[in-house]
Amino acid sequence: MSLSSRHLLGLKDVPKEDIQLILDTATTFREILERPIKKVPTLQGKTIVNLFYESSTRTRISFELAEKRLSADSVNFAVSGSSVSKGETLKDTVRNIEAMKVDMIVVRHSCAGVPLMLTKLADSNVINAGDGIHEHPTQGLLDMYSIREKLGKLEGLKVCIVGDVAHSRVALSNIYGLKTMGAKVSVCGPSTMIPKFLDELGVDVIHNIDEAIQENDVLNVLRIQLERKAREYFPSIREYSQYFGIDRERLEKNGKDILILHPGPINRGVELSSEIADSSSQIILQQVTNGVAVRMAVLYLLGTLN
Amino acid sequence: MKVVLKNVNILNPHQNVSEKNINILIEDGKFKNIGKLTEAEMKDAKVFELDGKYIVPGFFDMHVHLRQPGREDEETVVTGCNAAANGGFTGIACMPNTDPAIDSAEVVTLIKKQAANHLVDVYPVGAATVGRKGEVLSPMAELKDAGVVGFSDDGIAIKTASILKRSLEYAKMFDLPIIEHCEDESLAGGAMNESINSTLLGLPPIPSVAEDLIVMRDILMAEYTDSKVHIAHISSKKSVEMVREAKKKGIKVTAEVAPHHFTLTDDAVKTYDPNVKMNPPLRTKADVDEILKGLKDGTIDCIASDHAPHSLEEKEMEFEYAPNGIVGLETQIGLALTELYHKKVLSLENIIEKLAINPRKILNLPIPEIKQEEVVNLTILDVDAVWTVDKKKFLSKSSNSPFDKRLLTGKSVGVINKGMMFIEGSFTII
């Protein structure tokens, strides 16, 4: 079995078989992560560049660990301290990196479409580690992996994505992936944070968090990106947490035990109360571990394609 | 020098002229004879066998960015005029968003001087406000005397309703239009039209209501001041509907559309090719359909390219970082004939009205006539020529076009104006 594409740019057109293969492969790698020696020689001799035009801690570390555990040689290229600050264009940077004979490029950029642009500039396999407010496919995959691990399946499950959907790269990847795998996907958030035409994707839109809790098996709670423009889209953090935040009281009121995912880092007291963050911490931290396994699976499957 | 255009069809709806299979004798830049020519008349003449091609009044593009002064690396007055001639135009109006802006007689004179000896007539559009900043009225009287044909802060809308009102009131003294780039500033700044595609592509959206709000404001203000507003590059359904209603009420509003806005939808952005990034952005099929309807029923008066040259370095960027705009002078006639004439949206007479007659009417310029002793200002059209756009053959200094390699039907094969001829890729004095 192998993947049908040599890049992972998003989950939009990734067929069910490919997602299945990545998740199944990740299960194998997940076991390796529990061993005392967590390294396999699978990608020995392969060179991977982590090209990060936007600051990231967990995604970059997760990719880096995944690469190291597959025995690939990995190089980090972060925007500060690189030639970009000297005014080099993306095209020149990528051509230069390519000239150093690399095999794969993991890219994060604040502009949507950059991973696709890279596939036209370079021969390497390209993996999107997040582009603008477009997609973040490995996050979508690890979310699906974590749900499947916890609930045993994806098909038929009801999953609601909560929060700033309009400015999230995680939301779209989740929507595509989950729908492909047969889950029913809805979104819940303030109407200013839901894209106007989202319903055309076959996604239910609701604005009541209690309804979201009652109707769904899983909530994937997005981080409110306080550092971004998100602040202009709702009146105050207080109002947001009152009407869309999840705390124990709200869960008890709805009398429901629900699986809560969060891509991290959590704004405690905003989208999740500290208590919920802690009680859900097991799965939220599992997401992080699973992230390494899923990224190992993606790197392995793309890196050994030919 | 004598030139004979042999076996041509003449079409000029402005004069109500339509003749088939006729010969034209041009001498010293004037129509010497139209009809059957004698052997003596043809003697020593340069004869062009044109076999059914159309002779129409010289085409005019009322929305061109020449980039001079300021960005001569992207376009100059001369290279822009070369592109215009190659694209089939004998006249253009150039927009004031140069550096410095066209807000003084000196800049108008500089541009006109560059174009003085060119085949293509260049009519600058003056800035409506000093530096296009929307604060102080530009010296409109002085600009008018220097030769501008309208006023605009193009690139942005005139900033506030109060300065718009004064601009309209003041420009009314000269019977010149205010040409508006309609976009609400507080809703601007995105990278593409807001639609399902902006969500799918993760690109920051510009809602069409940003255009509609300013179109509405401008129509109301044109009515209130009883002055002329011209809506540049109209692109949204609602805006077309509002212009239609305004015209019914007799409000002095006119509108132009750029070829990309009747040819492409925002589906084209799926490639993230910066050459489909422009402002206003490509919109949806519903918008395109309304534009076609507006072209047909006369709501949209003319077609103008919004020719916006950008350097390769600037356009080869991340989509969000790349500047807005595409070159259009050399693909405009081909797109209009392919998308409008051959698809039976417009007749050839309509095409001529929208590309030669109406733009000049809006700018109060004389309309070229095809008759004896008249100075020759014409475009030669081959409406059935099938050709492939090749950006390497553009005479513009820039080549940022999404239409490269596109198959088109219909083109200009040459132009004559001011005693000069551009045909088969070169200029000659006749």
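Residues numbered from 1 in each chain as written. Chains lettered and ligands numbered in written order. Predicted model: local features only at pLDDT ≥ 70, side-chain atom pairs only at ≥ 80, totals over all residues. Heavy atoms only, no water.

Asks: So what about the overall build of chain A? Which residues, and what values?
Replies: On a plain count of helices and strands, chain A comes out with eleven helices and nine strands. Rg of the C-alpha trace for chain A: 19 Å, near the compact-globule value of 19 Å for 306 residues, within the 12% margin. Along the first, second and third principal axes, the C-alpha set of chain A runs to 60 × 45 × 35 Å. Residue burial in chain A is summarised as follows: out of 306 residues, 58% are buried. (Helix = DSSP H or I, 4+ residues; strand = E, 2+ residues; numbered from the N terminus. Rg over C-alpha atoms; globule rule 2.2 N^0.38 Å. Buried < 20%, exposed > 50% of the residue type's maximum accessible area, 1.4 Å probe, protein only.)

Asks: Requested: an account of the overall build of chain B, with residues and values cited.
Replies: For chain B, the count of helices and strands is 13 helices and 20 strands. At 21 Å, chain B has a C-alpha radius of gyration in line with the 22 Å of a compact globule built from 430 residues. In terms of principal-axis extent, the alpha carbons of chain B reach across some 70 × 45 × 45 Å. Counting the 430 residues in chain B, one finds 63% classified as buried. Sequence-distant contacts, at least 24 apart, represent 75% of the contacts inside chain B between residues at least 6 apart. As displayed, chain B offers around 15,800 Å² of accessible surface, 51% of which is attributable to carbon and sulfur atoms. (Contact = heavy atoms within 4.5 Å. Areas by Shrake-Rupley, 256 points an atom, 1.4 Å probe, with all protein chains shown as cover.)

Asks: Just give me the short version of the pairing of strand 5 (residues 54-57) of chain B, but keep the residues and values in it.
Replies: In the sheet, strand 1 (residues 2-12) of chain B pairs with strand 5 of chain B via two bridges, with the strands oriented parallel. Note that in strand 5 of chain B the partner of Asn 9 of chain B across the bridge is Tyr 54 of chain B. (Pairing = 2+ DSSP bridges.)

Asks: Please set out the interface of chain B and chain A residue by residue, giving values where relevant.
Replies: Contact residues are listed per partner, giving 16 residues for chain B and 22 residues for chain A. At the boundary of chain B with chain A, total buried surface from both sides reaches about 1,600 Å², with 63% on carbon and sulfur atoms. Where chain B touches chain A, the interface holds one salt bridge. Here Glu 316 of chain B makes a salt bridge to Lys 91 of chain A, at a shortest N to O gap of 2.7 Å. For the pair chain B and chain A, the number of links is seven residue pairs in polar contact (both at pLDDT 80 or more). Looking at the side of chain B that touches chain A, its residues break down into seven nonpolar, four polar and five charged. (Buried area = accessible area lost by both parts, 1.4 Å probe. Salt bridge = Lys/Arg side-chain N within 4 Å of Asp/Glu carboxyl O. Polar contact = N/O pair within 3.5 Å; in protein donor to acceptor, adjacent residues only side chain to side chain. Nonpolar A, V, L, I, M, F, W, Y, C, P; charged D, E, K, R; others polar.)

Asks: Which residues make up the sheet that holds strand 8 (residues 218-221) of chain A, and what values go with them?
Replies: Residues and elements named next belong to chain A. Sheet architecture is open: five strands sit in the order 7-6-5-8-9, paired in parallel fashion. Unpaired on one side and paired on the other, strand 7 (204-206) and strand 9 (259-261) mark the two borders of the sheet. Pairwise comparison of adjacent strand axes, ignoring direction, gives a mean angle of 25° for this sheet. Note: strand 8 against strand 9, three bridges, orientation parallel. (Axes fitted to C-alpha atoms, helices over the stretch in contact; angles between N-to-C directions.)

Asks: Outline unusual backbone geometry, listing residues and values.
Replies: Of note, the amide linkage connecting Gly 264 of chain A to Pro 265 of chain A takes the cis form, showing an omega dihedral of -10°. Mapped onto the fold, Pro 265 of chain A is located in the loop between strand 9 and helix 10 (274-279). Of note, the bond from Gln 68 of chain B into Pro 69 of chain B is cis; its omega dihedral lies within 30 degrees of zero at 5°. Tracing the backbone shows Pro 69 of chain B in the loop between strand 6 (59-64) and helix 2 (77-87). With phi around 55°, Asn 7 of chain B is a residue other than glycine that occupies positive phi space. On the secondary structure map, Asn 7 of chain B appears in strand 1. One non-glycine residue, Lys 405 of chain B, lies in positive phi territory at about 75°. Inspection of the secondary structure assignment puts Lys 405 of chain B in the loop between strand 17 (377-388) and strand 18 (407-417).

Asks: I'd love a proper account of helix 5 (residues 137-151) of chain A, names of residues and values included.
Replies: All names here are of chain A. The terminal C-alpha atoms of helix 5, which comprises 15 residues, lie 21 Å apart, in line with the 21 Å expected from a rise of 1.5 Å per residue. By the criterion of burial, helix 5 is predominantly enclosed, with twelve of the 15 residues buried. Considered for burial, the residues of helix 5 that qualify are Pro 137, Thr 138, Gln 139, Gly 140, Leu 141, Leu 142, Asp 143, Met 144, Tyr 145, Ser 146, Ile 147 and Arg 148. Phi turns positive one or two residues past the end of helix 5, at Gly 152, with a value near 80°. (Expected span 1.5 Å × (residues − 1).)

Asks: Any chance you could break down the environment of Asp 384 of chain B for me, citing the residues and the numbers?
Replies: Relative to the helices and strands, Asp 384 of chain B resides in strand 17. The spatial distance from the C-alpha of Asp 384 of chain B to the C-alpha of Gly 334 of chain B is 10.0 Å, given a sequence separation of 50 residues.

Asks: Pulling in residues and values, what's your account of the side chain of Ser 186 of chain A?
Replies: All names here are of chain A. For Ser 186, the position within the fold is in strand 6 (residues 184-188). Given a relative accessible area of 8%, Ser 186 falls into the buried group. Apart from the residues lying within four places of it in its own chain, the contact partners of Ser 186 are Val 159, Cys 160, Ile 161, Val 203, Asp 204 and Asn 216.

Asks: So, the nonpolar core: which residues are in play, and what are the values?
Replies: Core analysis: the biggest nonpolar cluster contains 77 residues, and Phe 59 and Phe 151 of chain B have the highest contact counts within it. Those residues in contact with Phe 59 of chain B, other than ones at most four positions away along the chain, are Gly 88, Phe 89, Thr 90, Gly 91, Ile 333, Ile 351, Ile 352, Leu 355, Ala 356, Arg 360, Thr 379 and Leu 381 of chain B. Ala 66, Leu 70, Val 106 and Val 294 of chain A belong to the second-largest nonpolar core, a separate cluster that totals 64 residues. (Core = buried A, V, L, I, M, F, W, Y, C linked by side-chain atoms within 4.5 Å.)

Asks: Which residues make up the packing of helix 1 (residues 16-32) of chain A against helix 5 of chain A, and what values go with them?
Replies: Residues and elements named next belong to chain A. Orientation of helix 1 relative to helix 5, taken along the N-to-C sense of each, is 70°, at an axis distance of 10 Å. The pairing of helix 1 with helix 5 is recorded here as roughly perpendicular in orientation. Crossing angle aside, the handedness with which helix 1 passes helix 5 is right-handed. Residues Ile 19, Gln 20, Ile 22, Leu 23, Asp 24, Ala 26, Thr 27 and Arg 30 of helix 1 pack against Leu 141, Met 144, Tyr 145, Arg 148 and Glu 149 of helix 5. (Parallel < 35°, antiparallel > 145°, perpendicular 65-115°, else oblique. Left-handed = near helix turned anticlockwise from the far one by under 90°.)

Asks: Describe the packing of aromatic side chains, with residues and values.
Replies: One pass over the structure, following the stated rule, counts eight aromatic pairs over all chains. Between Phe 29 of chain A and Tyr 300 of chain A, the ring centres sit 5.6 Å apart and the planes meet at 70°, which makes this aromatic pair edge-to-face. You can see Phe 29 of chain A sitting in helix 1 and its partner Tyr 300 of chain A sitting in helix 11 (residues 281-303), a full 271 residues away along the chain. With relative accessibility at 6%, the residue Phe 29 of chain A sits in the buried group. Here the aromatic rings of Phe 59 of chain B and Phe 89 of chain B are separated by 6.4 Å at their centres, their planes lie at 50°, and the arrangement is tilted. Taken together, the residues Phe 59 of chain B in strand 6 and Phe 89 of chain B in strand 7 (residues 89-94) connect sequence positions 30 residues apart. Neither residue differs from the other here; Phe 59 of chain B and Phe 89 of chain B are each classed as buried. Grouped by ring-pair contacts, the aromatic residues Phe 234, Tyr 240 and Phe 244 of chain A constitute a single cluster. Above the plane of the ring of Phe 319 of chain B lies Lys 277 of chain B, whose end atom (NZ or CZ) is 5.8 Å from the centre. (Phe/Tyr/Trp six-rings, centres within 6.5 Å; stacked < 30°, edge-to-face > 60°. Lys NZ or Arg CZ within 6 Å of the ring centre and 35° of its normal.)

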